[in-house]
Amino acid sequence: PLNESGLGFRTGAVWLRFQLHNPSGKRVQLVLEAGNNHVHEAKLYTLNSAGQVVRQNLSGNDIAFNQRDLMSVTVAFPIAIEAGETQQLYIKLRASRLMQVTPVLHLYSDFFNSESTSKLYTYSFYGFVLGMIIYNLLIAASVREPTFLAFAFFLVMWGLNLAGIDGFIYQIWPYQLLGSYSTLPFYIIAGICHTSVAIFT
């Protein structure tokens, strides 16, 4: 039984098993969120009532953003369940960072409405950060004051650090060039970001 959502730093994988039943008279489209943006590997196995695997879905941060079943910053899977059907589901999750597992089931439309609103705020925020970076670089170039350059550097590292925390970085990370976004770049960026604060103190 999943008695706690925070499972600490773990090696190996965590498996979750649960059942879904559709008591309604129509087919239902759902989205299952794994509850952690930083899962390296996530596999969903859907079994029918006879115990046979009928579908496998793969997600996680080791997979390029545009190759995921759902292009979401969260690790999420589409699920379709027919009227009166019962499905057995297994999720395998592997992460080298802090493992937090709080799976949530959404209606397909609710998930994408929420995702659209979240994206609007996210893009606005990062657009503002980018504007601040460009503004400070322009001032640094015109007045030759190194403080503005230092502040622009801090903003770049701070923006990348936040993007790594909220999962936005998986949308912009060059998977073909650098491979998957592993734990190492996350901690390097976080370290540089927090060290760069010392410039102002």
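Residues numbered from 1 in each chain as written. Predicted model: local features only at pLDDT ≥ 70, side-chain atom pairs only at ≥ 80, totals over all residues. Heavy atoms only, no water.

Caption draft 1: Main features of the environment of Trp-173. Assignment of secondary structure puts Trp-173 in the loop between helix 3 (169-172) and helix 4 (175-178). Trp-173 sits 28 residues away from Thr-201 along the chain, and the two C-alpha atoms are 31 Å apart. Apart from residues lying up to four places away in sequence, Trp-173 is in contact with Leu-178, Gly-179, Ser-180, Tyr-181 and Pro-185. (Helix = DSSP H or I, 4+ residues; strand = E, 2+ residues; numbered from the N terminus. Contact = heavy atoms within 4.5 Å.)

Caption draft 2: Inspection of the environment of His-21 at higher detail. Its place among the elements puts His-21 in strand 2 (residues 13-21). Taking the relative accessible area as the measure of exposure, His-21 reaches 49% and is therefore partly exposed. Sequence separation between His-21 and Gly-84 is 63 residues; the distance between their C-alpha atoms is 6.9 Å. Apart from the residues lying within four places of it in its own chain, the contact partners of His-21 are Ile-81, Gly-84, Glu-85 and Thr-86. Reaching out from His-21, the side chain makes a polar contact with the backbone oxygen of Glu-85 at a distance of 3.4 Å. (Buried < 20%, exposed > 50% of the residue type's maximum accessible area, 1.4 Å probe, protein only. Polar contact = N/O pair within 3.5 Å; in protein donor to acceptor, adjacent residues only side chain to side chain.)

Caption draft 3: Local environment of helix 2 (residues 146-166). Helix length check: helix 2, at 21 residues, gives a terminal C-alpha distance of 30 Å against a target of 30 Å (1.5 Å per residue), a fit within 8%. Among all positions in helix 2, only Ala-150, Ala-152, Phe-154, Leu-155, Met-157, Gly-159, Asn-161, Ala-163 and Gly-164 are buried. Structurally, helix 2 contributes buried residues whose contacts are with helix 1 (108-143), helix 3 and helix 5 (183-196). Once helix 2 finishes, Gly-167 follows within two positions and takes phi at roughly 90 degrees, a positive value. (Expected span 1.5 Å × (residues − 1).)

Caption draft 4: Region of interest: the side chain of Gln-87. Within the secondary structure, Gln-87 sits in strand 7 (residues 86-94). Relative accessible area serves as the criterion here: at 3%, Gln-87 is assigned to the buried category. Polar contacts involving the side chain of Gln-87 include one to the main-chain carbonyl oxygen of Ala-80, which spans 3.0 Å. Beyond its immediate chain neighbours, meaning those up to four positions away, Gln-87 contacts Phe-18, Gln-19, Leu-20, Thr-46, Leu-47, Arg-55, Ile-79, Ala-80 and Ile-81.

Caption draft 5: Summary view of the packing of helix 1 against helix 2. It is at 8 Å that the axes of helix 1 and helix 2 come closest, and there the two elements cross at 160 degrees. With respect to each other, helix 1 and helix 2 are oriented roughly antiparallel. Helix 1 and helix 2 meet at a crossing whose hand is left-handed. Where helix 1 abuts helix 2, its residues Phe-125, Tyr-126, Val-129, Met-132, Ile-133, Asn-136, Leu-137, Ile-139, Ala-140 and Val-143 lie against Phe-148, Leu-149, Phe-151, Ala-152, Leu-155, Val-156, Trp-158, Gly-159, Leu-162, Ala-163 and Asp-166. Residues of the contact of helix 1 with helix 2, tallied by class, amount to 18 nonpolar, two polar and one charged. (Axes fitted to C-alpha atoms, helices over the stretch in contact; angles between N-to-C directions. Parallel < 35°, antiparallel > 145°, perpendicular 65-115°, else oblique. Left-handed = near helix turned anticlockwise from the far one by under 90°. Nonpolar A, V, L, I, M, F, W, Y, C, P; charged D, E, K, R; others polar.)

Such coordinate-based values are descriptive only and should not be taken to indicate function.
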